[in-house]
Structures are given as C-alpha cells and as structure tokens.
Amino acid sequence: MTEVSDREPPRRRVPGPARPPRPRGAVRRQPGPGARPARRPSGARPPAQRPLRLGSPRPRLRTVGLALTLVLLVFVVRLLQVQAVDASAYAARAEQHRYVVHTLTAERGDITDRNGVALAVSEDAYDITADPTMFNAKQLKIHDGPERAAALLAPILGQDQAVIVKKLRPKNKLSRYAKLASRRTPQVWKQIKDLKTALAKKAETDHTAVNVLAGVLAEPSSKRVYPNGDLAAGILGWVNAAGRGGGGIEQELNKQLTGKDGQIRYAQSGGREVPTAGSTETPAVPGTDIALTIDRDIQWAAQNAITEQVKKSKADRGYVVVQDTRSGQILAIANSPGFDPNDLSKANPATMGNAALQDAYEPGSTAKVMSMAAVLEQKAATPLTHVVVPNRLHRGDRLFQDDIDHATWHLTLNGVLAKSSNIGTILATGQLGKTQPEANKVLYSYLRKFGIGSYTGLGFPGETRGILAPSGKWSTSQQYTIPFGQGFSINAVQAASVYSTIANGGVRVAPTLVRGTKGADGRFTPAPKPKATRVVSEKTAKALAQMLESVVDDEQGTGGKARIPGYRVAGKTGTANRVDPATGRYHGYTSSFAGFAPADKPRITVYCAIQNATSGSYFGGQICGPIFKQVMEFALKTLQVPPTGAPPANLPVTYKP
C-alpha cells in the first residue's frame, strides 16, 4: 500500500512575462528610501558584474623615471666635479688630513775661537706646550683647571701665573695648541714630567684628585748657549726667540750657521702614526761651524782690563782691539760695559752692540801718526827735521795751543810726535802743499789710504765707517784740527788698523774676524785672504816705528806707562775733545793709546780707548797706557813672541837752536 505524504507537492514556478530589454544608455532606477530590495528569485544566478578597469600606469612611470634620471644626473655631475674638476683639491685635502708633516730643525753651527775653543754652541732644549681642551671643566670635572695648572707651572717656567692661565683658556675654545715657554732646558722639562707622574699616581688612588698637568706636553728644540758668559758678547751677538741671529756674528753669518731644515712625513689615524703606511724623511742639514780669529785667552785679558779701568774711571764706556799685524786677523775686541747673551732679559739695550765698531768718535793725537806718514812719504820732512813750536799759533779763525802751556819748543819732527804737539803737527802738515788747500788735499788722500771714512771690511752689523768730509769741504778750523785728530771721526777697529799698517811695513791688510768654516762633512775651509794695499813705503813705515818708540821710551815722551821690560814698544797717546751723543756738543774727553810690539819686528797691535772718564786722570797716556801694557804683555806671552834684543833707535826729541 502506498503511503500518501501529507506535505504539499512543490509548487511549480511559472515564469512570468519577460521584461523588455533596457535601452542602451538608460539609467537604472534606484530604489527610493525605505524601499525593500528586490528579492532575487531563489536559485537565480546573480547578474554578471562588469570587470574593474585600472588607470594607465604610463604617466606615473614616466614621472618616476624622470625623477630618477634627474637624481642620477645630479650624481653624475657631482662625480665629474669631484673626479675631474676638483680632483686635485680633494686629493690634497685628503692628503692633508691623512698625512702629517713635521719639520726637523737643523742644528745651528758652533762658533769657536781660533784654537777650537767653543764660544757659542747649541744644546738640547724643549718647547713647553699644552692642549687647552684638556683643561676645560668637561675634561677635568673641575672649573679652575687652568688656574691650578698655572700655579704649578709658573715657578718652574719663571713666568707670571696670569699669563699661563690666559694661554690655557684661549678665546678660541677649539684651539688645541698653546706654547707656554720656548727653549727650556731638559732639567725644566724633567721637573714638569716628574710632577705630572706624581699627580697621575695620586689620581689613581684618590678619586677626588685631578691630574691638572695631563695636557702639558713638550716639543724637542735647541737652545743657544754661550759657555763663557759675557766674554766676546759684542762679537758673537745673540739668537732671538725666532731662532735667528739678532746681532754680531750670529746675525752676519746667520744663513751659514742655521743650516737647512728637514722634514718627516707619515700617515696618521686618530692622531697616531700608521706603521704599515710607511713614511718619508728628508734629513736636516746641520749649520756650518764658524772658527773666528779671536783668541779666547787674549779676549779675556782685554775684556778684564778694560772693564776694571772703566769702573775705576767712572767712564761711559771703553774698548780694546788686539790685531795680528801681519795677517790683519783680529785677536780680540773687548767692550765695557757688555752683556750676557745667555740672559738678555737683564741686558741694557745700549750695551748690546759692539761699540768698538759702532761708535764714531774723534780720535785725537793717535791720528797724528797718519799726518807724520804723509809728511815723511811726501819727503816734506824727516824725523830729524827741526820744528820751532811757539806757545800759541794763529791759524784761520782760531788760536791753537798744546795740551800744556810752554815756552817755545825746539823740537825735531820726532819730538813733535813724542811730545804730541798740536802746533808742531799743524806746521809739519802745512808743508804738504804750496797752499793750504793743496796740503789739505794731500793729507786727505793719505787718510783715505789708511781706511778712514771707509768700512773696515768685516761686514759687521751696525758698523760705522766714521765721518771724513772731502778736503774741499773742510771748514776753516778743520784744515788745522784734522792733522792732530779733531774734526773727523773713526771707530776703534779703524784706529787699530792704522797702527797695524805701519807695523806691517806700510801695507794695510783688511781686518778679518773669521778664520774659516767647517761644513757638515767635517772639512775645514780657510777664509779667503784679505785685501792688502800699500799705503806708505817700507822706509817710511820703519821711520814711523822708530818715532813711535820715542813716545814710549824717551823721558820726554807721553807714553811712558806703556813700557814693557825687555821689549821695544812703539805707541802713541791720545786725548781728544769728545762730542756728547746726547747733546751733540763737546763734553768730556776720549782717552786713547795705540801701539805695537816688538817695535823693530812687529807682531801685535793693541788699541785702547775710554769715553768720558770722570774720576781721576783723563789723559790717554795715564789711563789707557797701562791697559795697553797689561794686554800687550799677556798677548806676547800667549803667542810666545820673544823680544828681539836689539837696542832702540833713540831718535832725538829736541835740538839746540
């Protein structure tokens, strides 16, 4: 039996009438508000959706591509600039930062005397420096780091504490270099280094302690040292803070003494050398050693003698020149007062030169030897010619007299020189020409031959050549004062050279101070031979030497205090009115003595001059004669010059009318 279901059979869906197709372009009607959505018949497939169409990517790609192109173009242009246009500049800058170059200072040459004794040498020293950034509050954790460091350094460096603080706290906060002191001895740097070490150890154990000297450093340098103090300081000069000669031989021969600096170049990273990068070094070439003609012992004797006499006479200054008569070499140039080139802070600027070459003064009667040389060479008279010397002599616009009041003297020409008569000298030189202008012209020519009015040839810094006007410009009084040494000026080395010329048989050999040089190779090169010029004949020179002996040996001569037992001595005294440099007026006297020995076989010339002696005698024979004797005796013994043993000439001083 078949069961019959009580469920209704499925209702058959009858399709409705078809919707007319929607015209193309017609707008789909949207249901109004609140309208129920149309029910989709069950089992009906959803209508097919149209595919989503994206925008074209080409515009965006073009924009991105253009941007990338512009960026690449900028890189290319910059690359071309760096690699081609500015390549050298960037390479140089890179080199500058990568490589460090340090100068290797050349060692300054030594200066020695003629026997190799050191007069000026260079010793190891240190420039004390600091890194200011290591003294700031951030680094030390304290605010008074520079003050604490300065308090420790000031007494060691001998500087004011405030000056050091200013260097440790510069205006430029980024500055990493400050020089605290130059050319300090190794002992000074050791003292600072020991103090740094002690502070560092204390800081390790005591966390409240601070090593305020950690930023103090040192750079190797050299210091000029003069082992003999003020000895020959006027000749040697000094070296200034820049390491250059500031006077004397140090300045004159600075280029040879300095040598040539070298350098070392190495790669660095972080302030340290890169060992594997290698380095290049150009060694420094040491300066040339200079051997002077000076004899240290004779220099000492001359300097000691003139210093004592200047003090005793309470004079402004004095000088002594010692010269080898045969070679023209200067054996000593002593000045008083002097200075110590080791400590210029205590030196008087007025004494820091070489007064024997830089002072110009009227020589006085020591110049009469040139007048007599002209008279003898021109055969206007002989040593035995009679000269009547009155008490007064009227010439030009003046009335002349001798240094002492006397009755009429009857002197030989030799006696005129021995007694240093101004009147007798005027009368003798008046015979050099038929007229006074002619006589002036002849005398002028001889003065020039002797080197007056010209530089000595030493080439010394600040040297004066003196003052000698042409004869045509001599004033009325100069025509008669120049023959006895007033009215023109010279320096002390010129004066010594005059007497060396007579001692050398009438041949003037230009003075020299440099004996030779020794280069880095150790080879000694002698200095060129100086120029030699004949001034007067050998006969005239010999006659003058005999006349000068009378000045010293004869009882009527003015140079008795210059006698040296066992030796024949030729010399001349001088006492001249002195022009005061401050006022330009005559005030005081120039006292002098010049001579050579042995008189009959000359070897050494000594000249002494003292300016403005104010205590005791001011006559040249009295205060310079003993200096001449003291220095000459020492020089003769030092150079082992024996006496000749020949009897003196003993030329007559007076004659009976």
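Just so we're clear, the structure is a prediction, and the values are computed from it rather than from any experiment. (Residues numbered from 1 in each chain as written. Predicted model: local features only at pLDDT ≥ 70, side-chain atom pairs only at ≥ 80, totals over all residues. Heavy atoms only, no water.)

*Asks:* Honestly, the sheet that holds strand E13 (residues 330-336) in this entry has me stumped. Any pointers?
*Replies:* In sheet architecture, strand pairing relies on hydrogen bonds along the backbone and comes in two forms, parallel and antiparallel. Taken in spatial order, the 5 strands line up as E13-E12-E24-E23-E22 in an open sheet, and their pairing is antiparallel. In the strand order of this sheet, the two ends are held by E13 and strand E22 (570-579), each with one partner. Between one strand axis and the next, the sheet turns through 10° on average, direction left out of account. Direction of pairing for strand E23 (residues 586-597) relative to strand E24 (residues 604-611): antiparallel, over a ladder of 8 bridges. If you follow Gly595 over to E24, its bridge partner there is Val606. Most of the contacts of helix H18 (residues 538-553) go to E22, to which it runs at about 75°, and overall it touches E22 and E23. (Pairing = 2+ DSSP bridges. Helix = DSSP H or I, 4+ residues; strand = E, 2+ residues; numbered from the N terminus. Axes fitted to C-alpha atoms, helices over the stretch in contact; angles between N-to-C directions. Contact = heavy atoms within 4.5 Å.)

*Asks:* Help me understand the packing of helix H10 (residues 296-313) against helix H20 (residues 625-638), please; the structure alone is not making it clear to me.
*Replies:* Angle between the axes and distance between the axes are the two parameters that describe a pair of packed helices. As a packed pair, H10 and H20 sit with axes 9 Å apart at the nearest point and diverge in direction by 165°. With respect to H20, the element H10 is oriented roughly antiparallel. Seen along the crossing, H10 lies across H20 with a hand that is right-handed. Where H10 abuts H20, its residues Asp297, Ile298, Ala301, Ala302, Asn304, Ala305 and Gln309 lie against Ile627, Gln630, Val631, Phe634, Ala635 and Thr638. The class makeup of the residues in the contact of H10 with H20 is 8 nonpolar, 4 polar and 1 charged. (Parallel < 35°, antiparallel > 145°, perpendicular 65-115°, else oblique. Left-handed = near helix turned anticlockwise from the far one by under 90°. Nonpolar A, V, L, I, M, F, W, Y, C, P; charged D, E, K, R; others polar.)

*Asks:* Teacher, can you tell me more about H20 here?
*Replies:* Helix length check: H20, at 14 residues, gives a terminal C-alpha distance of 20 Å against a target of 20 Å (1.5 Å per residue), a fit within 8%. Where H20 is concerned, the buried positions are Gly625, Ile627, Phe628, Val631, Met632, Ala635 and Leu636. Buried residues of H20 fall within an arc of 145° about the axis and therefore sit on the same side. Check the buried side of H20 and you find it contacts H10, strand E12 (317-324), E22, E23, E24 and helix H19 (620-623). The first or second residue beyond H20 is Gln640, which carries a positive phi of 55°. (Expected span 1.5 Å × (residues − 1). Buried < 20%, exposed > 50% of the residue type's maximum accessible area, 1.4 Å probe, protein only. Arc of directions from axis to C-beta.)

*Asks:* What am I meant to see in the side chain of Ser471 here?
*Replies:* Along the chain, Ser471 falls in the loop between helix H15 (436-449) and helix H16 (478-481). Take Ser471: its relative accessible area is 18%, and that puts it in the buried class. With sequence-adjacent residues up to four places away left out, Ser471 is seen in contact with Asn440, Lys441 and Tyr444.

*Asks:* How should the pattern of salt bridges be read in this particular structure?
*Replies:* Once the charged atoms of two side chains with opposite charge are near each other, the side chains can pair. Per the counting criterion, the structure on display carries 17 salt bridges. A salt bridge links Glu147 to Arg169; the shortest N-O distance between them is 2.6 Å. Highlighted residues: Glu147 in helix H4 (residues 145-157) and Arg169 in the loop between helix H5 (161-168) and strand E4 (178-184), separated in sequence by 22 residues. The class for Glu147 is partly exposed, based on a relative accessible area of 29%. Measuring nitrogen to oxygen at the nearest pair gives 3.4 Å for the salt bridge that ties Arg568 to Asp600. (Salt bridge = Lys/Arg side-chain N within 4 Å of Asp/Glu carboxyl O.)

*Asks:* Got a minute to help me understand empty space enclosed by the protein in this structure?
*Replies:* To locate leftover empty space, one rolls a probe as large as a water molecule over the atoms. Tallied over the entire structure, the rule returns 2 cavities of 30 Å³ or more. Looking at the largest cavity, its volume works out to about 50 Å³. Taken together, Pro363, Thr366, Ala367, Met370, Ile452, Ile490, Ala495, Val498 and Tyr499 make up the lining of the largest cavity. Considering each element in turn, the lining of the largest cavity owes the most residues, 3 residues, to helix H17 (residues 492-503). Split into classes, the residues belonging to the lining of the largest cavity amount to 8 nonpolar, 1 polar and no charged. Along its surface, the second largest cavity is lined by Gln323, Thr325, Gly328, Ser497, Ser500, Thr501, Arg508 and Val509. Of all the secondary-structure elements, those providing two or more residues to the lining of the second largest cavity are H17 and strand E18 (507-509). Take the lining of the second largest cavity: its biggest share by element is 3 residues, from H17. Along the lines of polarity and charge, the residues of the lining of the second largest cavity split into 1 nonpolar, 6 polar and 1 charged. (1 Å grid on protein atoms, 1.4 Å probe; cavity = no way out; pocket = protein on both sides within 12 Å on 5 of 7 lines; lining within 4 Å. Points joined across faces, edges and corners; volume = space filled by probe spheres on them.)

*Asks:* How do you make sense of the nonpolar core when you look at a structure like this?
*Replies:* In a soluble, globular protein the nonpolar side chains are often hidden away together inside. Judged by nonpolar contacts, the single largest core of 92 residues is most densely connected at Leu292 and Met370. In terms of residue count, the dominant contributor to this core is H17 (8 residues). Viewed by domain, this core spans two of them, domain 1 (103-158 + 168-292) and domain 2 (296-639), each represented by three or more residues. Ignoring any residue separated from it by four or fewer positions in sequence, one finds Met370 in contact with Leu447, Phe450, Ile452, Phe488 and Val498. (Core = buried A, V, L, I, M, F, W, Y, C linked by side-chain atoms within 4.5 Å. Domains from an automatic or database assignment.)

*Asks:* Looking at this structure, I do not really get the environment of Glu107. What am I missing?
*Replies:* Along the chain, Glu107 turns up in the loop between strand E1 (99-104) and strand E2 (111-112). Residues Glu107 and Ala284, 177 residues apart in the sequence, show an inter-C-alpha distance of 7.9 Å. The contacts of Glu107, once residues within four sequence positions are left out, are Ser122, Leu257, Thr258, Pro286 and Gly287.

*Asks:* Explain the packing of aromatic side chains here, please?
*Replies:* Aromatic ring pairs are defined here through the distance separating the ring centres and the angle between the ring planes. Tallied over the entire structure, the rule returns 10 aromatic pairs. Ring centres 4.0 Å apart and planes at 5° place the aromatic pair Tyr589 and Tyr618 in the stacked group. Residue Tyr589 is located in strand E23, and its partner Tyr618 is located in the loop between E24 and H19; the two are separated by 29 residues in the primary sequence. Chaining the aromatic ring pairs together yields one cluster made of Phe400, Tyr480 and Phe484. Directly above the ring of Trp409 sits Lys419, whose terminal nitrogen or CZ lies 4.6 Å from the centroid. Across from the ring centre of Tyr446, 4.7 Å away, lies the NZ or CZ of Lys449, which sits over that ring. (Phe/Tyr/Trp six-rings, centres within 6.5 Å; stacked < 30°, edge-to-face > 60°. Lys NZ or Arg CZ within 6 Å of the ring centre and 35° of its normal.)

*Asks:* Help me understand the confidence of the model for the protein chain, please; the structure alone is not making it clear to me.
*Replies:* Regions with low pLDDT carry predicted coordinates that are not meant to be interpreted in detail. Averaged over every residue, the pLDDT of the protein chain is 88; the share at 70 or more is 87%. Confidence drops under pLDDT 50 across residues 1-7; counting only partners more than four residues distant or on other chains, this segment forms 0 contacts. (pLDDT = per-residue confidence, 0-100.)

*Asks:* Help me out: how do you make sense of the pairing of E24 in this one?
*Replies:* A regular strand places its side chains so that they alternate between the two faces of the sheet. Judged by how many residues are buried, E24 sits mostly within the fold: 8 of 8 residues are covered. Summarising the sheet, E12 and E24 pair through 8 bridges and their orientation is antiparallel. Its bridge partner being in E24, Arg317 is matched across the sheet by Gln611. Linking E23 to E24, which pair antiparallel, is a turn of 6 residues.

*Asks:* Sorry if this is basic, but what is going on with unusual backbone geometry here?
*Replies:* Across residues other than glycine, the phi torsion is negative in most instances, and most of the peptide bonds are trans. Of note, the amide linkage connecting Ser336 to Pro337 takes the cis form, showing an omega dihedral of 0°. With respect to the helices and strands, Pro337 occurs in the loop between E13 and helix H11 (355-358). Cis geometry marks the peptide bond from Ala597 to Pro598; its omega dihedral reads -15°. Position of Pro598 relative to the elements: it lies in the loop between E23 and E24. The residue Lys141 is not glycine, and still its phi comes out positive at about 65°.

*Asks:* When you look at the environment of Leu357 in this model, what are you seeing that I'm missing?
*Replies:* When you line up the elements, Leu357 lands in helix H11. Spatially, the C-alpha atoms of Leu357 and Ile333 are 9.1 Å apart, while their sequence positions differ by 24 residues. Excluding residues within four positions of it along the chain, Leu357 makes contact with Ile333, Thr456, Leu458, Phe460, Gly462, Glu463, Thr464, Asn491 and Val493.

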